[in-house]
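Structure assessment
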Amino acid sequence: MAPSEMRYALLAGLAWRLWTVSLGCRLEFPQGTEPVLFVRCGDRRWEPVLAVERDRAWLLLWRQVELNAARLDEAALRIAGTAGA
């Protein structure tokens, strides 16, 4: 799978899991760049989640924290737990 496809697959999978824990999010496709997932936080701001490849592994970046992209359920719970803060 190409990096752009993998990035989309991870962010879409995370979006689904965030939806299942009742956290608002939106996946955006800015023209000419890679997709970005935005999460609605308790203060009504939208904060980004990025998917990046590093050393042959995929990570999710949320508030300067690296989350294992191979564990989307855990990442969603961690994001949901901190999005209100």
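Here the structure is shown first, and the text comes after it.
In this text the structure is predicted, and so the values were computed from the model without any measurement.

Cut-off values and rules
Residues numbered from 1 in each chain as written. Predicted model: local features only at pLDDT ≥ 70, side-chain atom pairs only at ≥ 80, totals over all residues. Heavy atoms only, no water. Pairing = 2+ DSSP bridges. Helix = DSSP H or I, 4+ residues; strand = E, 2+ residues; numbered from the N terminus. Axes fitted to C-alpha atoms, helices over the stretch in contact; angles between N-to-C directions. Contact = heavy atoms within 4.5 Å. Salt bridge = Lys/Arg side-chain N within 4 Å of Asp/Glu carboxyl O. Buried < 20%, exposed > 50% of the residue type's maximum accessible area, 1.4 Å probe, protein only. Phe/Tyr/Trp six-rings, centres within 6.5 Å; stacked < 30°, edge-to-face > 60°. Lys NZ or Arg CZ within 6 Å of the ring centre and 35° of its normal.

Turning our attention to the sheet that holds strand E5 (residues 65-68). Here we have 5 strands laid out as an open sheet, ordered E1-E2-E3-E4-E5, and antiparallel in their pairing. The sheet is open, and its two edges are formed by strand E1 (25-28) and E5, each paired on a single side. Averaged over all pairs of adjacent strands, the angle between their axes in this sheet comes to 30 degrees, without regard to strand direction. Strands strand E2 (36-40), strand E3 (46-54), strand E4 (57-62) and E5 of the sheet are contacted by helix H2 (residues 72-82), whose axis makes an angle of about 145 degrees with E5.

The next thing to look at is the pattern of salt bridges. Under the defined criterion, the tally for this structure stands at 8 salt bridges. Salt-bridge contacts for Arg 17 lead to Asp 73; the nearest nitrogen and oxygen are separated by 2.9 Å. In this pair, Arg 17 sits in helix H1 (residues 3-20) while Asp 73 sits in helix H2, placing the two residues 56 residues apart along the sequence. With a relative accessible area of 26%, Arg 17 lands in the partly exposed category. Here the salt bridges share partners, and the residues they tie into one network are Asp 43, Arg 45, Glu 47 and Arg 63.

Our next topic: the packing of aromatic side chains. For the structure on display, the rule yields 2 aromatic pairs. Taking the centre distance of 5.7 Å and the plane angle of 40 degrees together, the rings of Tyr 8 and Phe 29 count as tilted. With Tyr 8 in helix H1 and Phe 29 in the loop between E1 and E2, this pair connects stretches of sequence that are 21 residues apart. Judged by its relative accessible area of 40%, Tyr 8 is partly exposed. We classify Phe 29 as exposed; its relative accessible area is 53%. Centre to centre, the rings of Trp 16 and Trp 19 are 4.9 Å apart; their planes meet at 35 degrees, and the pair counts as tilted. Residue Trp 16 and its partner Trp 19 are located together in helix H1, separated by 3 residues, close to a single helical turn. Above the plane of the ring of Phe 38 lies Arg 26, whose end atom (NZ or CZ) is 5.1 Å from the centre. Lying across the ring of Trp 46, Arg 26 places its NZ or CZ 4.4 Å from the centre.

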